[in-house]
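Coordinates in review
So you can see what is in the structure, the chains are spelled out below.
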Amino acid sequence: MARHHHDLMFCRRLPGIAVGRLCEKCDGRCVVCDSLVRPEKSVHICDECNYGHFQGRCIICNGRGVSDAFYCNECVGLEKDRDGCPKIVNVGTARADLFYEKKKYGLVRNGTTEAPAG
């Protein structure tokens, strides 16, 4: 996901002992390059990214984590697994713009999507 969306940013702090998780939608992907082949090394995330309600969440889309995250063989060979914590920390401008476009036309009220009145 981060490979195709250049506005997403990684945390990149020093990883701790917590193992990163992925949701059902992101399951099996490499967290750096989105490859679906040859998972090799498990992903470790920093303590700040695994604190409180972030614990057990998907490190790509922040959904409910169901499986452990792995780096693919190519990213391990290129040593991209040593760049720091790979959790995505910002939403991205495309997703934020969609929220504000809906809000402008009155489709979002109190965090829920509604049909416009009248």
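These figures come from a predicted structure and were not determined experimentally. (Residues numbered from 1 in each chain as written. Predicted model: local features only at pLDDT ≥ 70, side-chain atom pairs only at ≥ 80, totals over all residues. Heavy atoms only, no water.)

With respect to the overall build of the protein
The condition that has to hold: A run of H or I in DSSP becomes a helix once it reaches four residues, and a run of E becomes a strand once it reaches two; helices and strands are each numbered from the N terminus. When a residue's accessible area, from a 1.4 Å probe over protein chains only, is under 20% of the maximum for its type it is buried; when over 50% it is exposed; and in between it is partly exposed. By definition, residues are in contact when any of their heavy atoms lie within 4.5 Å. Each accessible area is a Shrake-Rupley result for a 1.4 Å probe, and residues are judged covered by the shown protein chains and nothing else.
Summing up its helical and strand segments, the protein has two helices and eight strands in all. When its helices and strands are written in sequence order, the protein yields β-β-β-β-β-β-α-α-β-β. Among the 118 residues that make up the protein, the fraction classed as buried is 33%. Counting contacts in the protein only where the partners sit at least 6 residues apart, residues at least 24 apart contribute 79% of the total. For the protein, the accessible surface area stands at approximately 7,900 Å², while carbon and sulfur atoms represent 52% of it.

Things to note about unusual backbone geometry
In this structure, Arg12 is a non-glycine residue whose phi angle is positive, near 65°. Structurally, Arg12 is set in the segment before β1 (18-19). For Arg38, which is not glycine, the phi dihedral falls at a positive 50°. Looking at where Arg38 falls in the secondary structure, it is placed in the loop between β2 (21-22) and β3 (39-42).

What to know about the side chain of Ser67
The following threshold applies: N or O atoms closer than or at 3.5 Å make up a polar contact, with two conditions inside protein: a donor-capable atom paired with an acceptor-capable one, and, for residues adjacent in sequence, both atoms drawn from side chains.
One can find Ser67 in strand β5 (residues 67-68). Polar contacts involving the side chain of Ser67 include one to the side chain of Asp27, which spans 2.6 Å. Ignoring any residue separated from it by four or fewer positions in sequence, one finds Ser67 in contact with Gly20, Arg21, Leu22 and Asp27.

Here we look at the environment of Pro15
Looking at where Pro15 falls in the secondary structure, it is placed in the segment before β1. With a relative accessible area of 34%, Pro15 lands in the partly exposed category. C-alpha of Pro15 to C-alpha of Asp83: the two residues are 68 residues apart in sequence and 9.3 Å apart in space. Excluding residues within four positions of it along the chain, Pro15 makes contact with His44, Ile45, Cys46, Gly84 and Cys85.

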